[in-house]
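Geometric and topological summary
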Amino acid sequence: MSEMIVTAGLTKRFGSITAVDRLDLTVQTGEVLGFLGPNGAGKSTTMKMVTGFLSPTSGTARVCGHEVVAEPLKVKERIGYLPEGAPLYSDMTPRAFLGFIAEVRGLSGTAKRKAVDRAIEQTQLEGVLHQPIETLSKGFKRRVGLAQAILHDPSVLILDEPTDGLDPNQKHQVRRLIREMAAAGGKSIVLSTHILEEVDAVCTRAVIIAKGRVVSDGTPASLVAKSKYHNSVSLGLRPPAGTMVFDELARLAGVAAVEDNGTIEGGERPLVRCTVMAVGGRPIQEAVAKHIGQRGWGVEWMHTQAGRLDDVFRQITGG
Amino acid sequence: MLRGLRAVFLRELTGYFITPVAYVFIVIFLVMAGVFTFQLGRWFQAEQADLRAFFDAHPWLYLFLIPALSMRLWAEERKSGTIELLLTLPVSRSAAVIGKFLAAWAFAVLALTLTFPVWITVNYLGNPDNGVILASYLGSALMAGGFLAVGSLMSAITNSQVIAFILSLVACFAFLLAGYSPVLEFFQGWAPQGIVDAIAGFSFLTHFQTISRGELAARDLVFFGSVIGVFLGATGVVIEMKKGQ
Amino acid sequence: MSKRLLGAGTLAALLVLFFAINILSNTALRGARIDLTQDKLYTLSEGARAIARGIDEPISLTFYFSRSLAVDRPDLRGRAARVQEALEGRSGFGSFIPSLSARRRSRPPRRASRASP
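All residue numbers refer to positions counted from 1 along the written sequence of the respective chain. Labels are handed out in written order, letters beginning with A for the chains and numbers beginning with 1 for the ligands. Per-residue local features are limited, in this predicted model, to residues with pLDDT of at least 70; the limit for side-chain atom pairs, both in listing and counting, is 80 or more; totals at the level of whole chains, interfaces and linings are taken over all residues.

**Examining the overall build of chain A**
A count of helical and extended segments in chain A gives 11 helices and 14 strands. The globule rule is 2.2 Å times the number of residues to the power 0.38, and the radius of gyration it is compared with is taken over C-alpha atoms. A globule of 319 residues ought to have a C-alpha radius of gyration of about 20 Å, yet chain A, at 25 Å, is considerably larger. Its C-alpha atoms give chain A principal-axis dimensions of about 80 × 45 × 35 Å. Residue burial in chain A is summarised as follows: out of 319 residues, 40% are buried. Our contact criterion uses C-beta atoms placed from the backbone: two residues qualify when those atoms are within 7 Å. A separation of at least 24 residues holds for 70% of the contacts in chain A among residues at least 6 apart in sequence. Strands are runs of DSSP state E lasting at least 2 residues, helices are runs of H or I lasting at least 4, and numbering of each runs from the N terminus. Partly exposed residues are those falling between the two cut-offs: more than 12 but fewer than 20 other C-beta atoms within 10 Å of their own, whereas 20 or more means buried and 12 or fewer means exposed, with C-beta atoms placed from the backbone.

**Description of the pairing of strand β3 (residues 32-36) of chain A**
Residue and element names in this part refer to chain A. The buried fraction of β3 amounts to 5 of the 5 residues, a majority that puts the element mostly inside the structure. The two faces of β3 match: Val 32, Gly 34 and Leu 36 on one face and Leu 33 and Phe 35 on the other face are all buried. Of the strand pairs in this sheet, β3 and strand β8 (residues 188-192) are connected by 4 bridges, and their pairing is parallel. Paired with Leu 33 across the strands is Val 190, a residue of β8. The pairing of β3 with strand β9 (residues 205-210) spans 4 bridges and is parallel. Note that in β9 the partner of Leu 36 across the bridge is Ile 208. Paired strands are those between which DSSP finds at least two bridges.

**Observations concerning helix α4 (residues 109-123) of chain A**
All names here are of chain A. Counted at 1.5 Å a residue, the expected span for α4 with its 15 residues is 21 Å, and the 22 Å between its end C-alpha atoms agrees. Within α4, burial applies to Ala 115, Val 116, Ala 119, Ile 120 and Thr 123. Projected down its long axis, α4 carries its buried residues within an arc of 130°, all on one side. Across α4 from its buried face, at more than 90 degrees, point the exposed residues Thr 110, Lys 114 and Glu 121. As for α4, its buried residues are in contact with α3 (94-104) and α5 (138-150). Once α4 finishes, Gln 124 follows within two positions and takes phi at roughly 55°, a positive value. Expected helix span is taken as 1.5 Å per residue step, with the number of steps being one fewer than the number of residues. By arc we mean the arc of the directions from the helix axis to the C-beta atoms, nothing more.

**Some thoughts on the interface of chain B and chain C**
Each partner contributes residues to the interface: chain B has 33 residues there, and chain C has 28 residues. Contributing elements (two or more residues each) for the side of chain B that touches chain C: α9 (130-157), α12 (193-200), α13 (204-212), β1 (215-217) and α14 (218-242) of chain B. At 11 residues, α14 of chain B tops the list of elements feeding residues into the side of chain B that touches chain C. Each residue receives one of three labels: charged for Asp, Glu, Lys and Arg, nonpolar for Ala, Val, Leu, Ile, Met, Phe, Trp, Tyr, Cys and Pro, and polar for the others, Gly being one of them. Grouping the amino acids of the side of chain B that touches chain C by side-chain chemistry returns 16 nonpolar, 13 polar and 4 charged. Where β1 of chain B meets strand β1 (residues 33-35) of chain C, 3 bridges bridge the pair, whose relative direction is antiparallel. In the strand pairing of β1 of chain C, Leu 216 of chain B is matched with Ile 34 of chain C.

**Topic: the confidence of the model for chain A**
By definition, pLDDT measures how confident the predictor is in each residue, and it falls between 0 and 100. Summing up the model confidence of chain A, the mean pLDDT is 90 and the portion of residues at 70 or higher is 99%. Element-level mean pLDDT values for chain A span from 80 in helix α11 (residues 309-317) of chain A up to 96 in strand β6 (residues 79-82) of chain A.

**Considering the nonpolar core**
Generally speaking, nonpolar side chains in soluble globular proteins are found buried as a group. Ala 108 and Leu 148 of chain B are the most contacted members of the largest nonpolar core, which totals 144 residues. With 14 residues, α9 of chain B is the single largest residue contributor to this core. Aside from chain neighbours lying at most four places away, what touches Ala 108 of chain B is Ile 66, Leu 69, Ala 144 and Leu 148 of chain B. Residues of type Ala, Val, Leu, Ile, Met, Phe, Trp, Tyr and Cys that are buried and joined through C-beta atoms within 7 Å form what is called a nonpolar core. In terms of nonpolar packing, the next biggest core, distinct from the first, is built from 14 residues, Leu 235, Cys 274, Val 276 and Val 288 of chain A among them.

**Notes on the sheet that holds strand β2 (residues 17-28) of chain A**
Residues and elements named next belong to chain A. As summarised here, the arrangement of the 4 strands in space is β2-β1-β4-β5, forming an open sheet in which the pairing is antiparallel. Whereas interior strands pair on both sides, the edge strands pair on one side only; in this sheet they are β2 and β5 (66-67). Sheet contacts for helix α1 (residues 43-50): β1 (3-14), β2 and β4 (58-63); angle to β1, the most-contacted strand, approximately 115°. Orientation is described by axes fitted as lines to C-alpha atoms, over the contacting stretch for helices, and by angles from 0 to 180 degrees between their N-to-C directions.

**What to know about the packing of helix α7 (residues 93-113) of chain B against α14 of chain B**
Any two packed helices are characterised by how steeply their axes cross, that is the angle between the axes, and by the distance between the axes. All names here are of chain B. Running from N to C, α7 and α14 point in directions that differ by 130°, and their axes come no closer than 10 Å. Considering the angle they form, α7 stands oblique to α14. Crossing handedness for the pair α7 and α14: right-handed. Residues Arg 93, Ser 94, Val 97, Ile 98 and Phe 101 of α7 form the contact with α14, whose own contacting residues are Leu 232, Thr 235, Gly 236, Ile 239 and Glu 240. Along the lines of polarity and charge, the residues of the contact of α7 with α14 split into 5 nonpolar, 3 polar and 2 charged. Each angle gets one of four labels, with under 35 degrees taken as roughly parallel, over 145 as roughly antiparallel, 65 to 115 as roughly perpendicular, and the rest as oblique. Crossings are sorted by hand: turned counterclockwise from the far helix by less than a right angle, the near helix makes the crossing left-handed, and turned clockwise it makes it right-handed.

**Quick look at the sheet that holds strand β13 (residues 271-278) of chain A**
All names here are of chain A. With antiparallel pairing, 4 strands are arranged side by side in an open sheet as β12-β13-β11-β14. Each edge of the open sheet carries a strand with a single partner, namely β12 (255-264) and β14 (298-305). Shown here is a sheet whose adjacent strand axes are inclined to one another by a mean of 15°, direction ignored. Its contacts with the sheet put helix α10 (residues 285-295) on β11 (232-238), β13 and β14, and the angle it makes with β14 is roughly 175°.

**Concerning the pairing of β1 of chain A**
Residues and elements named next belong to chain A. Where β1 lies against β2, 8 bridges are found, and the strand directions are antiparallel. Bridging across to β2, Phe 14 finds its partner in Ile 17. In this antiparallel pair of consecutive strands, β1 and β2, the connection spans 2 residues, and Gly 15 shows a positive phi of 65°. In the sheet, β1 pairs with β4 via 5 bridges, with the strands oriented antiparallel. By the bridge assignment, Ala 8 is partnered in β4 with Thr 60.

**Looking at the packing of α9 of chain B against α14 of chain B**
All names here are of chain B. One way to put it is that α9 packs onto α14 with a least axis distance of 8 Å and a crossing angle of 15°. Of the possible angle classes, the one that applies to α9 and α14 is roughly parallel. As α9 packs across α14, the resulting crossing turns out to be left-handed. Residues Leu 142, Met 143, Gly 145, Gly 146, Ala 149, Val 150, Ser 152, Leu 153, Ala 156 and Ile 157 of α9 touch α14, and the partners they reach there are Phe 224, Val 227, Ile 228, Phe 231, Leu 232, Ala 234, Thr 235, Val 238 and Ile 239. Here the contact of α9 with α14 is composed, by residue class, of 15 nonpolar, 4 polar and no charged.

**As for the environment of Ala 241 of chain A**
By the secondary structure assignment, Ala 241 of chain A is in the loop between β11 and α9 (245-250). With 24 residues separating them along the chain, Ala 241 of chain A and Asp 217 of chain A place their C-alpha atoms 48 Å apart.

**Digging into unusual backbone geometry**
Residues and elements named next belong to chain A. Even without glycine at this site, Cys 64 takes up a positive phi of about 50°. Relative to the helices and strands, Cys 64 resides in the loop between β4 and β5. Classification of Cys 64 by C-beta neighbours within 10 Å gives partly exposed; the count is 18. The phi torsion at Asn 231 lies on the positive side, around 60°, for a residue other than glycine. Following the sequence through the fold, Asn 231 ends up in the loop between α8 (220-224) and β11.

Okay, structure coming up:
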């Protein structure tokens, strides 16, 4: 079974609002799919339908071949889900809570103990095992939520904003855990996020949805390539006075435009900062470097940018 | 079909004892039962070796205390968001509804059992009909179950525990006094006599009183059983319906 | 939309079922009961049977009950129903009593001078 999640015409309407609009999506084994989109785009709603929490208004969702509305229990067995906000039974301790989840998942005895211990180890909950969950910090709470999702080593992981509210270290750990799980093989992971660098760090595929529809679907690299800053060259130059830096650079082959990032006076020669944009995102650094060398301008810095995801995001979602 | 029942039941039951709520409830129940029996019921003055006064108090105690217990069954889960966790776990809806109900019922029965000192007292002071007392305890446990099932439905209907409490209170009151004036008058104006008589037959109070006289009649058991069955079934339906939101 | 309809329908069905079960059991299960009292208050003792057996002529038992006065007392109405059932032979007294050829009257006798409802 290579197609782990398949949605066909998945739709959800709340009264007059269409939250998810005939969504067609297929997730294969081994993929780590990043679900991006502005707030209210329908990411969480889609996840709630795939996991069986909300019933679709129309359309279907299949997980490992089982349809969610017809065979809800089979679907839920195979999914590990971290809902938005990581809700937990806050009067329990992490150990008791994970024990409950393990029992619900049909684990008992040694298997249960091993699964719980492994989840604790992977999410580093050792220090807080016996404190009531309500006394834990947000970061720890989210890790407990993650632990319950991975406890039964599911073939499908659905994580709704898993690093939300975590500090940079914790974010890094969670992302590393996700990468490890993906590397272990045989899984599909879907995570929704607002953090664009996370998509780059963790995902093999990025899907942007807006107003309930898919507006972009491809690898993070291909997404980034859509940015107008893709392969642009950022320069800090000290040309001799009177040089028409921008005009010269703009006339080079393959240059679409030159952005003025401001000139700083002072010293023998002023510091001219600019960004040279490439036509069609094709590499231009060689041409630029050659020209600068020929003209003998002083170079403070020169670096090529891959592109900024948030520009692409804004471009695509019309924000 | 009842996948996950045991896990839910155990979790809920232990959950009662983690918080102080459980102990407060038990203390209040025992104290109030005592007050009703010995003071208001004038048990010592009556000088009768039975627990009439004690059991007479139960329906009224339950009227206020059971909704307090049942209001957290579902409204709490909705409020804290854990309902999303519960309903995406491989637990069947029936198992979730029944598991929670059974845990609440087990807890109520525990509170009831803790009144055994009263039984010991009456046996020490006199020679009561213990068969009647046993039947009364059974009837009381069944009645508690009935109230809880009603409360479970009210809790599923709303997100607010307070509203759940009030709705349960009103519904339980109606059931308690189904055969008496306030409730009957409500129906008497427009419903045919047959219906009014039928409604009277749905009073928790009369069924409980019958059992606590010492006779365990099949139709009293069927009554409480059907209340529990129907209201738990309705709870399941409401939970499912609210999934659309 | 159709889901709400299905839900509402199920709830209505449950309500009907609830009434149906109880109305049915009220008639069908009339006699089924267990007497848990220590003194077996609701079961005819051997002594009573022996005495009654020793009587040759038929005994008639008349049961008077005023529904209108018992309007506010469902406990009395319930008690009356049980007495009636006992007379019909559907209780812990078995078919003993009907064999004594009892006659029952569940409406107030026309001659009774009681204030009507």
